[in-house]
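Single-letter residue listing:
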Amino acid sequence: MKPLNRRDFLKKAAVSVLGGTSILAGCQSKETAEGGAPAVHTRKKYQWRMVTTWPPRFPVLGESAELIAKWVEEMSEGRLTIQVYGGGELVPPLEAFDAVQQGVAEMGHAASYYWAGKAPASQFFAAVPFGMNAQQMNAWILSGGGWDLWRELYADFNLVPFPCGNTGVQMGGWFNRKINSVDDIKGLKMRIPGLGGKVIKKAGGSAILSAGGEIYTNLERGVIDATEWIGPYHDYLMGFPKIAKYYYYPGWHEPGTVLEMFVNKSSYEQLPKDLQEIITTAAIRSNSWMLAEFDAKNTLYLQKIKSEFSTQILRFPDSVLKAFRQYAKEVLEEITAEDPTSKKVYESFAKFHKEISTWSAITEQVYYQDIAG
Ligand code: CA
C-alpha cells in the first residue's frame with residue numbers, strides 16, 4: 001500500500017470527522033489492523049474519576065494526582081480524562097480503596113500502608129521501619145519482583161497498583177522534649193501512624209492517630225508531645241517550627257515511602273492497550289517527578305527552617321535507633337507470623353534488601369560517607 005502523504009491524511013481526516021466515522025480508517029497502524037480491533041473502538045472516550053487520600057491540592061502528593069490526570073489526557077489526546085477529587089470531596093480519604101474497588105471511582109491515589117487493616121501485606125509496598133530507601137524500593141518494585149507481588153495482592157481487591165512516587169527518607173519528627181535515651185520515649189505521646197507507631201508503643205510511648213488538620217493544635221496544646229509528618233517542606237507549611245523546639249532525624253520509620261496509584265481492575269481491563277500503557281507511563285513519570293520534587297523542595301525548606309527559626313535539628317542517639325531497630329524487628333515478626341501473605345511479601349522484601357545492601361554498601365553508602373562534600 002502506498003504510504004499516505006500529509007495532504008491525503010488531512011483529506012481523509014476532514015471527511016471522517018464530518019461524516020462521523022473513524023479518522024483512523026485510512027491510516028490505521030499495522031498493529032491495530034492485525035489486532036483486528038475496529039478503529040472506531042480506539043476513538044472511544046473515557047471519563048474517569050480519581051479519589052485521593054490527600055487534602056485537595058495538597059503539595060506534591062495531591063499535585064502528583066493532578067499531574068497524572070493532565071499527562072494522561074495529553075498523551076491520549078483527550079480520549080481518557082480524569083477528574084481528581086481531594087480526600088472528602090467524593091468519598092472520605094480513607095475510603096478511597098473501597099471506592100475504587102467498588103467502581104465508585106476508577107482510580108485512587110494514596111499510600112498503601114493506609115490499607116493495612118484490609119491487607120496487612122500492603123504495608124511492605126509503602127514503608128518499613130529500617131527498610132529500603134527510595135532507590136532500593138524502586139529497584140525492588142520495578143526490577144526485583146515487588147510489583148508482581150503487589151499486583152497479586154491487589155487483584156484480590158479488583159485493583160491494579162502502580163508506584164507513582166516516593167518521599168525519600170523522611171524526618172524523624174518534631175519533639176517538645178529532648179530524646180537522650182530510649183527511656184525518654186516512655187510516656188511520650190506521639191502522632192505516628194503504622195509500623196512506626198507500633199515501635200513507639202513497644203518503647204513505652206503511645207502512638208496517637210490524629211488527622212492532618214488536628215496535629216498542629218494537638219501539639220500546641222500538649223495533647224501530643226511529638227509528631228512526625230514528612231520532611232522540611234510539608235513540616236514548614238504545617239507550621240511545626242513555630243511550636244516545637246527539636247527536629248529529629250532520620251525518619252527511621254519511613255526511609256523511602258512509596259506512593260501509589262491504583263485502578264479498578266475491571267475498568268482497566270476494558271481499556272484499549274494504548275490507554276493502559278498511557279496510564280502506566282503517567283504513573284512512572286510521576287514516580288520519578290515526585291522524588292525529585294521532594295528532594296528539591298526539602299533542600300530549600302530545610303534552609304528556611306534554619307534561617308527563620310531557632311529549631312534544634314538533632315540526630316537520634318545511636319542507642320535510641322538501636323532500640324527502635326530491635327522493636328521494629330519484633331513488630332515485623334508478629335505481622336508475618338499472623339498473616340501468610342505478609343510473610344510471603346516480606347520474605348521477598350527482606351531478601352532483596354539484604355542483597356542490595358551489599359551493593360549499596362560499596363557504592364551509594366561510601367559515596368555519601370567518604371566522598372560527597
Ligand atoms: Ca510520615
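Residues numbered from 1 in each chain as written. Predicted model: local features only at pLDDT ≥ 70, side-chain atom pairs only at ≥ 80, totals over all residues. Heavy atoms only, no water.

Engineer: I keep staring at the coordination of the calcium ion and nothing clicks. Help me out?
Structural biologist: In an ideal octahedron of six donors the angles at the metal are 90 or 180 degrees, and in an ideal tetrahedron of four donors they are 109.5 degrees. The calcium ion binds to the protein through Gln-170 (OE1), Glu-228 (OE), Glu-228 (OE), Trp-229 (O) and Glu-254 (OE); the donor distances cover 2.1 to 2.9 Å. Donor residues for the calcium ion sit on one chain with the sequence pattern Q-x57-E-W-x24-E. With Trp-229 in the loop between β8 (226-227) and α10 (232-238) and Glu-254 in the loop between β9 (246-249) and β10 (258-264), the pair connects residues that are 25 residues apart, well separated along the chain. (Donors = N, O, S within 2.8 Å, 3.2 Å for Na, K, Ca; no water. Helix = DSSP H or I, 4+ residues; strand = E, 2+ residues; numbered from the N terminus.)

Engineer: Would you take a moment to explain the layout of surface pockets for this structure?
Structural biologist: Here the idea is plain: a probe the size of a water molecule rolls over the atoms and shows the empty space left. Counted as a void, the largest pocket has a volume near 2000 Å³. Taken together, 50 residues form the lining of the largest pocket, with Gly-131, Asn-133, Val-169, Pro-250 and Pro-255 sitting closest to its centre. Counting only elements with at least two residues in the lining of the largest pocket, the list comes to α6 (134-143), α13 (273-308), β11 (312-315), α14 (318-338), α15 (340-361) and α16 (364-371). Looking at the lining of the largest pocket element by element, the count peaks at nine residues for α15. Among the residues making up the lining of the largest pocket, the classes are represented as 25 nonpolar, 18 polar and seven charged. There is about 970 Å³ of room inside the second largest pocket. (1 Å grid on protein atoms, 1.4 Å probe; cavity = no way out; pocket = protein on both sides within 12 Å on 5 of 7 lines; lining within 4 Å. Points joined across faces, edges and corners; volume = space filled by probe spheres on them. Nonpolar A, V, L, I, M, F, W, Y, C, P; charged D, E, K, R; others polar.)

Engineer: Would you explain a nonpolar patch on the surface in this entry?
Structural biologist: A surface patch of nonpolar side chains, about 390 Å² in accessible area, is lined by Tyr-367, Tyr-368 and Ile-371. Inspection of the secondary structure assignment puts Tyr-367 in helix α16. (Patch = residues over 30% accessible without salt bridge, like charges linked within 9 Å, V, L, I, M, F, W, Y side chains within 5 Å. Areas by Shrake-Rupley, 256 points an atom, 1.4 Å probe, with all protein chains shown as cover. Salt bridge = Lys/Arg side-chain N within 4 Å of Asp/Glu carboxyl O.)

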